[in-house]
Number of protein chains: 2
Amino acid sequence: MNDEHQKKLTDYLAAFMEELVGNGVDEVVISPGSRSTPLALLFAHHPGVKTYINVDERSAAFFALGIAKAKKKPVAILCSSGTAGANYYPAVIEARYAKVPLIVLTADRPHELREVGAPQAIDQIDLYGKHVKWSIDMALPESIPSMLQYARSSAVRGVALSTGYPEGPVHYNFPFREPLIPDLQKVEFSSGTPGKRVLQGERQLSPDFKHELQETLVNTQRGLIVCGPGLSEEAVPSIVRFAEEYALPIVADPLSFVRSGNHSKEHIIDCYDTFLRIDELKESLQPDLIIRFGAMPVSKALMLFLKGLPDIPAWVVSKGEEWQDPTARGTDFIQCGENLFCQSLMEQSGQRNMDWLEEWKRVNKETKDLLVKGHQSWDEGMAVHQLIQHLPEGSTLFSSNSMPIRDLDTYFFTNDRSLRIFANRGANGIDGVVSTALGMSTVSQPMYLLIGDLAFFHDLNGLLTARKYQLDVTIVVMNNNGGGIFSYLPQAGDQTHFEDLFGTPMDLEFAHAAKLYGAHYFHVGTQEEFIPALQEAEHSKGIKIIEVVTNREENVANHRKLWNFVSREMTKNLKGENLDSSSE
Amino acid sequence: MNDEHQKKLTDYLAAFMEELVGNGVDEVVISPGSRSTPLALLFAHHPGVKTYINVDERSAAFFALGIAKAKKKPVAILCSSGTAGANYYPAVIEARYAKVPLIVLTADRPHELREVGAPQAIDQIDLYGKHVKWSIDMALPESIPSMLQYARSSAVRGVALSTGYPEGPVHYNFPFREPLIPDLQKVEFSSGTPGKRVLQGERQLSPDFKHELQETLVNTQRGLIVCGPGLSEEAVPSIVRFAEEYALPIVADPLSFVRSGNHSKEHIIDCYDTFLRIDELKESLQPDLIIRFGAMPVSKALMLFLKGLPDIPAWVVSKGEEWQDPTARGTDFIQCGENLFCQSLMEQSGQRNMDWLEEWKRVNKETKDLLVKGHQSWDEGMAVHQLIQHLPEGSTLFSSNSMPIRDLDTYFFTNDRSLRIFANRGANGIDGVVSTALGMSTVSQPMYLLIGDLAFFHDLNGLLTARKYQLDVTIVVMNNNGGGIFSYLPQAGDQTHFEDLFGTPMDLEFAHAAKLYGAHYFHVGTQEEFIPALQEAEHSKGIKIIEVVTNREENVANHRKLWNFVSREMTKNLKGENLDSSSE
């Protein structure tokens, strides 16, 4: 009887796992638990699977998300029954909106122990609601051929859904009866090709649509390309060539993979977040066509600029059906692969308005010069600027949300180095940032993380995995003792409640956290200490925490001073130009 | 226009909040964010509301759960849009299954910014799925009378649902447009009675049902009461009197509030987890009627005993409709308040089988003597035994799941002291345990937490709030460097994968964590160091961490040795008795 039970458990899960791994899921992050034992043991037994153990399920899920982001392949997470799976929820949601394939495996009590007050049993069916692409409550293990086929099909379907555009999380809920130990002696995983697979095509435009778009393009004088986060790196060369063909400026978010790399940077505009705060320039740089790729960029100045434009055609190009249009100004939603879109529209070359392109480039260059010239005092912005200059070739920089990504938007200037910047911009949370970066560090080296003190604290637990697996990462913590971004918002006007509700100083000395997790620790209080710390960290192994102590009020004051300086100088130039042109 | 917007925002939320607070929600745990600003400022402005700030939403929600558990009143949590609310999920689920009233408030983007790629916007409607009793996506703020009434009604309904049996979480999702600042000058909260309220009746049995149950009871020779976790403290005296009336033994879980307090302990059986492992006793102690109150107790031995009984009537008494029957052996599900049930069945006194009661008491006493006599070596069990003996009068002890609650089951013997033991037994997670205890500490003093190293690590972040609000708590961390409970399970048989997948040693020195959070720290390596540490902690303020370093293998070996010793001795006695009785 017990043998029969064990045979069912073993055969069924081995079939499931064979397809899972065969279809590319070869890493799993396991959080310890009892009910999940059958899957945990089979993963550990599979010679083709790399396992990570992470006690905190919230960190575990973000760690897997990081691996999946870096590898662009689905990664599995496995936990026990109960609230364990609920701790996955933040990462599951981030995976959904950031389009990251994630295979969520939760173990569950069998049907007779559900909703009857059995220990550690919660209703896990559809645990993640609308936030997964697919959720299946698997059948109890059986070893008849039809059920082994069912296990295989379920695995392949889920992996295909998680990797199909838009990529995202899928959820398997596995009910298991005791005893929970599979017979590992009887399992021999074939390492060959999977039994089933899914071949996914890509959308392309019909000749009619193509012709129509080309006509618009050819009649355009002032087209503007906007590249946002989440753009696939593979599309960048096509977009750049497309921009060159039609002489279009490319407004490029720091997360678009367009600002760095070995493609031409001639058309790339990187200082718009600064100069699009200037009304006169917003006026003179008005486009007559917008072509957007990827999600909406981080810059609020750009968002307001796009929102304030008159009614012009605005194309939103995307491989799938999602609706990327927070300004509600999109007119044509073009569901087509970015590469295919660019290539097909280039077949017939268009006109070029070089003046339009040059104007954007000129304004951009002047702004950049002023930003560098005007930034004199040591603060978070300057630290970010120096960090970027220091990054070794081939580095990956993971950025936290709130201030770090905004500072990067200002200071990550175009360059030809091989630098890649990532962030969790699906839901823009401050949760799981440490773990996401650590997950990426298993794939991408050298790995850097730029993070504020609140986000660093939020996922301190993530560091346990870094120590356990001896991961190499340099973490630059901008410690301004609280939520820096709020000082830029209207909330800062409320003197009574601001510091308590929004400033939220934590008064933490991260040196103790470094000791807890065996990290190298560098305390940076002045400009002179920063570069030496970066250099020493670069040549050390393990977790390196560089805590840069800054001041919230100073940061805001400096930022505002700099923006005002740039704005004043640019406006001065504009007036000079106007005088010039009127005298022509 | 802006004035009009601010007036709507202010009036609408003030109306909502007035009813919320008027109906008893006077504490809120706020996690900082921008979108939640209107509610955060109004809570801070309300003179009758106590606010806590907690950066980590997962900890924040468990902290609120702890306050609500201790006060038996609903507590609110408030966070911003995005994944912030997803971090509440574990505590929301625990609240549902543990029947704790929780008012979950999430701020959201307005409709035009939903699912269009706007920053930090996720689909928050029904974010907690089936795990809340009610979820409402509120209308945008308006100040016409009908909408102010709507805001008031929504507040009262939610609070009533959260406090109605079974108590649980309710979720309000609030869309807000910018600007987000209410006009606090214009708000004057009335501190009087609420405008609306809900009066909840309690179920009682009809005379027919009562008569029928009484008849069974009177014909019962060997009735057994089982009191589990989640029993309301108010019901304890009635149940004890009921047991006395019918001479019934009460098998009482450590979380049932029955083992301690000033009621009579004559009928209370507290060592069943040990003696119900002995087959001969399971045989001789077979009841002919089971009356269960509360959830199923922690003890697996008891669960197996109940499951293995022949078909006998088994009553499950509960105020509501939930199905508390993991053994599937319940026959009569009696939906009636425990007090009313006991009182109404006592009206007609029953027969008494004193031998039956005495037999349970005798076995229980012998077991207890053997447990104390047989436990010689210093280990987790002995530390728990000593901790309980040390607890000052009036203490509240919060227990983590896995081993701590099982050790308490063994060593928390009946006593007349005023000691209360709590645990998160809704979903039995190891998440949020520190924060739940800290939340309770704001209400109950002296406060103790008994926790293993994995659970302590999982919610280390919770300690930030303890430091910020100078909370007093003594935390006894049983550090056996990993998941102690797994050593008791069949998984321990797998030599290849056990330590990696289940043992999961973390090798953390919690002394560093103590420094990070400004806690008093005591390292206990030997039996001699424990009591002095407890004594010093008792007379210190703030966070006191007593790390008791133990050994997983030794703990298991000692437990097994002790059970074997008790079993051997008890069986010897049984055989002696049998000889005696056969010679009569």
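Criteria and cut-off values
- Counting from 1, residues in each chain are numbered in the order their sequence is written.
- Each chain is given a letter, starting from A, and each ligand a number, starting from 1, according to the order in which they appear as written.
- Under the rules for a predicted model, residues below a pLDDT of 70 receive no local features and side-chain atom pairs below 80 are neither given nor counted, while totals for whole chains, interfaces and linings still include all residues.
- Excluded from the side-chain calculation are hydrogens and water; included are all heavy atoms of the structure.
- Strands are runs of DSSP state E lasting at least two residues, helices are runs of H or I lasting at least four, and both sets are numbered from the N terminus onward.
- Here the radius of gyration uses the C-alpha set of atoms, whereas the globule reference equals 2.2 Å times the residue count to the power 0.38.
- When a residue's accessible area, from a 1.4 Å probe over protein chains only, is under 20% of the maximum for its type it is buried; when over 50% it is exposed; and in between it is partly exposed.
- Any pair of residues with heavy atoms lying within 4.5 Å of one another is described as a contacting pair.
- The method behind every accessible area is Shrake-Rupley, applied with a 1.4 Å probe, and residues are considered shielded solely by the protein chains displayed.
- For the charge count, each Lys or Arg is scored as positive and each Asp or Glu as negative, with His and the chain ends excluded.
- In this description, the location of a charge corresponds to atom NZ of lysine, CZ of arginine, CG of aspartate or CD of glutamate.
- The aromatic pairing rule takes the rings of Phe, Tyr and Trp, using the six-membered ring of Trp, and pairs them if the centres are within 6.5 Å, calling planes under 30 degrees apart stacked, those over 60 edge-to-face and the rest tilted.
- The criterion for a charge sitting over a ring is simple: Lys NZ or Arg CZ within 6 Å of the ring centre, and within 35 degrees of the ring normal.
- The pairing criterion for strands is at least two bridges between them, as found by DSSP.
- Under this scheme, a helix contributes an axis fitted over its contacting stretch, all axes are lines through C-alpha atoms, and angles between N-to-C directions fall in the 0 to 180 degree range.
- Here the limits of each domain have been adopted from an automatic or database domain assignment.
- Defined in terms of a 1.4 Å probe, buried area is the accessible area two parts forfeit on being brought together, summed over both.
- Whenever a carboxyl oxygen of Asp or Glu lies within 4 Å of a side-chain nitrogen of Lys or Arg, that contact is scored as a salt bridge.
- For this analysis, a polar contact is any N or O atom pair within 3.5 Å, provided that within protein one partner can donate a hydrogen and the other can accept it, and provided that sequence-adjacent residues contribute only side-chain to side-chain pairs.
- Throughout, right-handed denotes a crossover for which the path from the first strand over the helix to the second runs clockwise when the strands point away from the viewer.
- The superposition of copies rests on a least-squares fit of C-alpha positions from residues with pLDDT of 70 or more in both.

- Taking an unreviewed UniProt entry as the reference, chain A is identified by name as 2-succinyl-5-enolpyruvyl-6-hydroxy-3-cyclohexene-1-carboxylic-acid synthase belonging to Rossellomorea vietnamensis.

1. Concerning the overall build of chain A
Part 1 of the reasoning: If you tally the helices and strands in chain A, you get 21 helices and 18 strands.
Part 2 of the reasoning: Relative to the globule expectation of 25 Å for 584 residues, the C-alpha radius of gyration of chain A, 26 Å, shows essentially globular dimensions.
Part 3 of the reasoning: Across its three principal directions, the C-alpha atoms of chain A cover 100 × 60 × 45 Å.
Part 4 of the reasoning: Per-residue burial for chain A yields a buried fraction of 63% across its 584 residues.
Part 5 of the reasoning: Considering only intrachain contacts with a sequence separation of at least 6, the fraction spanning at least 24 residues in chain A is 78%.
Part 6 of the reasoning: Only carbon and sulfur atoms are counted for the fraction: they give 50% of the accessible area of chain A, which is about 21000 Å².
Part 7 of the reasoning: Across chain A, the centroid of the 55 positively charged side chains sits 2 Å from that of the 75 negatively charged ones.

2. Concerning the packing of aromatic side chains
Part 1 of the reasoning: One pass over the structure, following the stated rule, counts 47 aromatic pairs over all chains.
Part 2 of the reasoning: Taking NZ or CZ as reference, Arg277 of chain A lies 3.7 Å from the ring centre of Trp563 of chain A, over its face.

3. Description of the sheet that holds strand E2 (residues 50–53) of chain A
All names here are of chain A.
Part 1 of the reasoning: Taken in spatial order, the six strands make up an open sheet running E2-E1-E3-E4-E6-E5, and their pairing is parallel. Of all the strands in the sheet, the pair left with one neighbour each is E2 and strand E5 (134–137). Each strand axis lies, on average, 15 degrees off the axis of its neighbour in the sheet, ignoring direction.
Part 2 of the reasoning: Examined bridge by bridge, strand E1 (residues 27–30) and strand E3 (residues 75–79) share three bridges and lie parallel to one another. Note that in E3 the partner of Ile30 across the bridge is Leu78.
Part 3 of the reasoning: Each of E1, E2, E3, strand E4 (102–108) and strand E6 (169–175) is contacted by helix H2 (residues 37–45), which is oriented at about 140 degrees to E3, the strand it contacts most.
Part 4 of the reasoning: The strands touched by helix H3 (residues 57–71) within the sheet are E1, E2, E3 and E4, with E3 carrying the most contacts at an inclination of about 170 degrees.

4. Here's the deal with the domain arrangement of chain A
Part 1 of the reasoning: Once the domains are mapped, chain A shows domain 1 (2–186), domain 2 (207–368) and domain 3 (375–556).
Part 2 of the reasoning: When each unit is reduced to the centre of its C-alpha atoms, the spacing between domain 1 of chain A and domain 2 of chain A is 40 Å.

5. Brief notes about the interface of chain B and chain A
Part 1 of the reasoning: With 80 residues of chain B in contact, the opposing surface of chain A contributes 80 residues.
Part 2 of the reasoning: When chain B packs against chain A, the two sides together hide about 6800 Å² of surface, and 59% of this comes from carbon and sulfur.
Part 3 of the reasoning: Among the residues chain B hides against chain A, the three largest losses belong to Phe457, Leu501 and Leu516 of chain B. Together they make up 9% of the total.
Part 4 of the reasoning: Here chain B and chain A share 10 salt bridges between them.
Part 5 of the reasoning: Ionic pairing is found between Arg96 of chain B and Glu115 of chain A, a salt bridge with its closest N-O pair at 2.9 Å.
Part 6 of the reasoning: On the surface where chain B and chain A come into contact, there are 38 residue pairs in polar contact (both at pLDDT 80 or more).
Part 7 of the reasoning: Of the residues forming the side of chain B that touches chain A, the biggest block, six residues, is contributed by helix H4 (residues 89–98) of chain B.

6. Comments concerning the pairing of strand E2 (residues 50–53) of chain B
All names here are of chain B.
Part 1 of the reasoning: Here four bridges tie strand E1 (residues 27–30) to E2, and the two strands are oriented parallel to one another. Looking at the pairing, Val28 lines up with Thr51 of E2.
Part 2 of the reasoning: Running through helix H2 (residues 37–45), the crossover from E1 to the neighbouring parallel element E2 is right-handed.

7. A look at the side chain of Gln386 of chain A
Part 1 of the reasoning: Turning to its location among the elements, Gln386 of chain A is positioned in helix H13 (residues 380–390).
Part 2 of the reasoning: Assessed through its relative accessible area of 14%, Gln386 of chain A is described here as buried.

8. Brief notes about the relation of the copies chain B and chain A
Part 1 of the reasoning: At an RMSD of 0.0 Å, chain B and chain A line up after a rotation of 180 degrees and a shift of 0.0 Å along the axis. Overall, the copies show the geometry of a two-fold rotation axis. Closest approach to the rotation axis among the C-alpha atoms of chain B is made by His512 of chain B, whose C-alpha sits 2.8 Å away.
Part 2 of the reasoning: Both copies share a contact surface, since 100% of the interface residues of chain B are interface residues in chain A too.

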